[in-house]
Amino acid sequence: MFVSRSMTQKVISMNPEDGVIQAKDLMAKHQIRHIPVVDAENRLVGVVTDRDLRSVFPASFYKGEEQPGAVDEYKTMKIQDIMTRDPVTLTPYDTIQDALLLIQKVRVGALPVVDKEGKLTGIISVRDLLRAFINVLGIGTPGTLLCILVEEKVGQLKKIVDAITEEKISFGSVLVARYWDKDKRAVFPYLLTNNVSKIKKKLENMGYTLLNPMDWYMDQLPKDE
């Protein structure tokens, strides 16, 4: 899935000469935390975040508490004075996997999306990515997640899929993840049913070990050398 299908296209943006108080008001009004900054030709030149604003304003002013003379003090401060210049960006043709990895790498909550000319076309946030992966994984539909321990060899996933399909059970998604033992993998089928006792018994009779998905988490996995 491409970023263009998941990003927010109607982006609230600002110009470098706009004031920081205006940025604060826009974020509060639209409940956002990132505003791209563009020039007169809509080319991205920076990003201003709520963290940038918090570094400028006193906490009491940022929360909207009355402070005589405070507004006058910040009236002359411009976005260009506090924005992050040349921010990390994505293109509309990057994938949501690319976006997820990049957001994790640079540790930001959102990334601007620009075309080949550097013009702003959208913004994609962690919230957008969560919505996209919910759709991809099918977990918006009621169902049951299984965790099946398998040997790491060709054909295991097909056997599991065939066994479940034979029971006329539909899939929301299937994920394959690393496991503690190097020669094994954990398979996570999300089944669009809550009646899974029969298929669980069938998989166990086939020799598979079923784990409680709630007991599996990536932090326990061995670290790469």
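Residues numbered from 1 in each chain as written. Predicted model: local features only at pLDDT ≥ 70, side-chain atom pairs only at ≥ 80, totals over all residues. Heavy atoms only, no water.

### Some thoughts on the sheet that holds strand β1 (residues 34-38)
Strand order in this open sheet of three strands is β1-β2-β3, and the pairing throughout is antiparallel. In the strand order of this sheet, the two ends are held by β1 and β3 (84-85), each with one partner. In this structure, strand β2 (residues 44-49) lies alongside β3, joined through two bridges in antiparallel fashion. Across the sheet, V47 pairs through a bridge with T84, a residue of β3. Against the sheet, helix α2 (residues 20-30) contacts β1 and β2, and its axis sits at roughly 135° relative to β1. (Pairing = 2+ DSSP bridges. Helix = DSSP H or I, 4+ residues; strand = E, 2+ residues; numbered from the N terminus. Contact = heavy atoms within 4.5 Å. Axes fitted to C-alpha atoms, helices over the stretch in contact; angles between N-to-C directions.)

### Overview of the packing of helix α6 (residues 96-106) against helix α7 (residues 126-137)
Closest axis-to-axis distance for the α6/α7 pair is 11 Å, and the angle between their directions is 140°. Taken together, the axes of α6 and α7 lie oblique to each other. For the crossing formed where α6 meets α7, the hand is left-handed. Touching I96, A99, L100 and I103 of α6 are V126, L129, A132, F133 and V136, all from α7. Within the contact of α6 with α7, the residues separate by chemical class into nine nonpolar, no polar and no charged. (Parallel < 35°, antiparallel > 145°, perpendicular 65-115°, else oblique. Left-handed = near helix turned anticlockwise from the far one by under 90°. Nonpolar A, V, L, I, M, F, W, Y, C, P; charged D, E, K, R; others polar.)

### Section: unusual backbone geometry
One non-glycine residue, Q31, lies in positive phi territory at about 55°. You can see Q31 is positioned in the loop between α2 and β1. With a phi close to 65°, N42 is a non-glycine residue in the positive phi region. Topologically, N42 is positioned in the loop between β1 and β2. On the accessibility criterion, N42 (30% relative accessible area) is partly exposed. (Buried < 20%, exposed > 50% of the residue type's maximum accessible area, 1.4 Å probe, protein only.)

### Some details on the packing of helix α8 (residues 156-166) against helix α9 (residues 197-205)
As a packed pair, α8 and α9 sit with axes 10 Å apart at the nearest point and diverge in direction by 140°. The angle between α8 and α9 falls in the class oblique. Viewed along their axes, α8 and α9 form a crossing whose handedness is right-handed. Along its contact with α8, which presents I160, A163, I164 and E166, the element α9 presents I199, K202 and L203. Within the contact of α8 with α9, the residues separate by chemical class into five nonpolar, no polar and two charged.

### Some thoughts on the pattern of salt bridges
Counted under the stated rule, the structure contains ten salt bridges. Of the charged contacts in the structure, one is a salt bridge between E152 and R185, with a shortest N-O distance of 3.3 Å. Here the residue E152 occupies a position in the loop between β7 (147-151) and α8, and R185 occupies one in strand β9 (residues 184-191), the gap between them amounting to 33 residues. Among the residues examined, R185 registers a relative accessible area of 24% and is labelled partly exposed. Linking K202 and E167 is a salt bridge whose minimum nitrogen-to-oxygen distance equals 2.9 Å. (Salt bridge = Lys/Arg side-chain N within 4 Å of Asp/Glu carboxyl O.)

### Some thoughts on the pairing of β7
The element β7 is extensively covered by neighbouring structure, given that four of its five residues are classed as buried. Pairing between β7 and strand β10 (residues 209-211): three bridges, direction antiparallel. Bridge assignment links C147 to a residue of β10, and that residue is L211.

### What to know about the nonpolar core
Core analysis: the largest hydrophobic core is formed by 16 residues, its most contacted members being V20, V48, L53, F57 and I79. Of all the secondary-structure elements, those providing two or more residues to this core are α2, β1 and α3 (50-56). The biggest single contributor to this core is α2, with five residues. Core analysis: the second largest hydrophobic core is formed by 14 residues, L146, I164, I169 and V196 among them. (Core = buried A, V, L, I, M, F, W, Y, C linked by side-chain atoms within 4.5 Å.)

### Concerning the environment of T209
Assignment of secondary structure puts T209 in strand β10. Residues T209 and C147, 62 residues apart in the sequence, show an inter-C-alpha distance of 8.5 Å. In this structure, T209 is in contact with C147, I148 and L149, ignoring residues within four places of it in sequence.

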